[in-house]
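An overview of the molecular structure
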There are 2 protein chains.
Amino acid sequence: MENQVLNNIRQRRSVRHFVPGKRVPREQLIELVKAGMAAPSACNRQPWAFIAIDDPEVAAELAAIHPHAAFLRDSSSAIAVCGDLDRALTEIPDYWLQDCSAATENILLAAEALGLGAVWCGVHPNSAIEPKIRAALKLPERIIPLNLIVLGYPAGQEQPKDKFDPERLHWQRW
Amino acid sequence: MENQVLNNIRQRRSVRHFVPGKRVPREQLIELVKAGMAAPSACNRQPWAFIAIDDPEVAAELAAIHPHAAFLRDSSSAIAVCGDLDRALTEIPDYWLQDCSAATENILLAAEALGLGAVWCGVHPNSAIEPKIRAALKLPERIIPLNLIVLGYPAGQEQPKDKFDPERLHWQRW
């Protein structure tokens, strides 16, 4: 068990080249959202919502808006991970960002495990992109689009990087 | 492969009861930090640093500071995930928060896969806790303590929760 989980973490890479026209099946999108909702959250508030996209028209619209997600046109499959401020912790509302980022990482790892390719395309707090994505997805005011995870079948050009840097590991104190 | 990774994501739970006096071996702490550094980051800036703690004195000091981490006294094992503002993206510095949260989730999942227990104890942006943790860990100004991940051998009281809520999944648009 431990090797497969650790290997999946190590081997996951951002995939930006997808087999054109091959969408992710709905049951897999649901599986990925389930993985996202399994993430921990501050005081278990689960301050999130997920928009799964597999409609080529909506996908093309988002691809035209987001400057780093043009390849969404190829796969027409994505999940937008959103924060729900109504569910955010009262004392420290900003914890939603950390909770939704953990949910995002779960989805990326689950995609890798399912043989899919995925890449995290940042939306919030990019003021050039966020309002446009919000409008396209018709989000209520309280829902913040954190990112678009573009998903699809990898066209096979990306390799994992070894990013371990022992200088960034300190012991006991700085 | 896919089942073990997905099962690990589903079965991971926050562990707050640890076998007293049983510390996590150093090679496992390094393995966990490696998993953290495998996370994706905006423009691959890797804006992070990790403090691994296995000294009972430092652990007791942190346990006395953090109001929700008293059990760190039992395991004396933790990793503080920190943002490094010098490595943050110039245009959108706040992306470090998302990157470091993804790294944190990798560590939590890797801990589960290694048979360890772990819990994410939030630090930043909790103004009551952050300055004290910063002082205890002797962090330079540019290093922000995002959290303390307390680690140890589970004493066996926590169960995973099924948090899937189909109402939080929308299709195509809100």
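Data block above holds the structure.
My aim in this report is to walk through the structure given alongside it, one point at a time. (Residues numbered from 1 in each chain as written. Chains lettered and ligands numbered in written order. Predicted model: local features only at pLDDT ≥ 70, side-chain atom pairs only at ≥ 80, totals over all residues. Heavy atoms only, no water.)

A separate point is the packing of helix H5 (residues 95-113) of chain A against helix H5 (residues 95-113) of chain B. At their nearest, the axes of H5(A) and H5(B) sit 8 Å apart, and the two run at 60° to each other. As judged from the angle between their axes, H5(A) and H5(B) are oblique. Considering only the axes of H5(A) and H5(B), their crossing is right-handed. Packed against H5(A), whose contacting residues are A:Leu97, A:Gln98, A:Ser101, A:Ala102, A:Glu105, A:Asn106 and A:Leu109, the element H5(B) presents B:Leu97, B:Gln98, B:Ser101, B:Ala102, B:Glu105, B:Asn106 and B:Leu109 at the interface. Residues belonging to the contact of H5(A) with H5(B) are distributed by class as follows: 6 nonpolar, 6 polar and 2 charged. (Axes fitted to C-alpha atoms, helices over the stretch in contact; angles between N-to-C directions. Helix = DSSP H or I, 4+ residues; strand = E, 2+ residues; numbered from the N terminus. Parallel < 35°, antiparallel > 145°, perpendicular 65-115°, else oblique. Left-handed = near helix turned anticlockwise from the far one by under 90°. Contact = heavy atoms within 4.5 Å. Nonpolar A, V, L, I, M, F, W, Y, C, P; charged D, E, K, R; others polar.)

Moving on to the relation of the copies chain B and chain A. Put simply, the two copies of the chain differ by a rotation about an axis and a shift along that axis. Overlaying chain B on chain A yields an RMSD of 0.0 Å, the required transformation being a rotation through 180° with an accompanying axial translation of 0.0 Å. Both chain copies can therefore be described as sitting about a two-fold axis. Both copies present the same face, since 100% of the interface residues in chain B are matched by interface residues at the equivalent positions in chain A. (Least-squares fit on C-alpha atoms with pLDDT ≥ 70 in both.)

Bringing the environment of B:Arg87 into the picture now. Turning to its location among the elements, B:Arg87 is positioned in the loop between strand S2 (77-84) and H5. Residues contacting B:Arg87, with those up to four places away along its chain left out, are A:Arg168, B:Arg45, B:Gln46 and B:Pro47.

Cysteine pairs can be linked by a disulfide, which is a covalent bond between their two sulfur atoms. Across all of its chains, the model carries 0 disulfides over all chains by this definition. Between A:Cys82, a cysteine without a disulfide, and A:Cys100, which holds the nearest cysteine sulfur, the sulfur-to-sulfur distance is 7.9 Å. (Disulfide = S-S within 2.5 Å.)

A separate point is the sheet that holds strand S5 (residues 169-171) of chain B. Taking strand neighbours across the sheet as the criterion, the 5 strands line up as S3(A)-S4(A)-S2(A)-S1(A)-S5(B) in an open arrangement whose pairing is mixed. Looking at strand neighbours, the two that pair on one side only are strand S3 (117-122) of chain A together with S5 of chain B, the edges of this open sheet. For this sheet, the mean inter-axis angle between neighbouring strands, taken without regard to orientation, is 25°. For S3(A) and strand S4 (residues 143-152) of chain A, the ladder comprises 6 bridges, and the chain directions are antiparallel. The residue of S4(A) that forms the bridge with A:Gly122 is A:Asn147. (Pairing = 2+ DSSP bridges.)

At the interface, 72 residues of chain B touch 72 residues of chain A. Of the roughly 7000 Å² buried where chain B meets chain A, counting both sides, 61% is carbon and sulfur surface. Three residues stand out in chain B for area buried against chain A, namely B:Arg168, B:Gln172 and B:Trp174, and they jointly supply 13% of the buried area on that side. Where chain B touches chain A, the interface holds 4 salt bridges. With its nearest N and O atoms 2.8 Å apart, the salt bridge here joins A:Arg10 to B:Glu31. At the surface where chain B touches chain A, the tally comes to 32 residue pairs in polar contact (both at pLDDT 80 or more). (Buried area = accessible area lost by both parts, 1.4 Å probe. Salt bridge = Lys/Arg side-chain N within 4 Å of Asp/Glu carboxyl O. Polar contact = N/O pair within 3.5 Å; in protein donor to acceptor, adjacent residues only side chain to side chain.)

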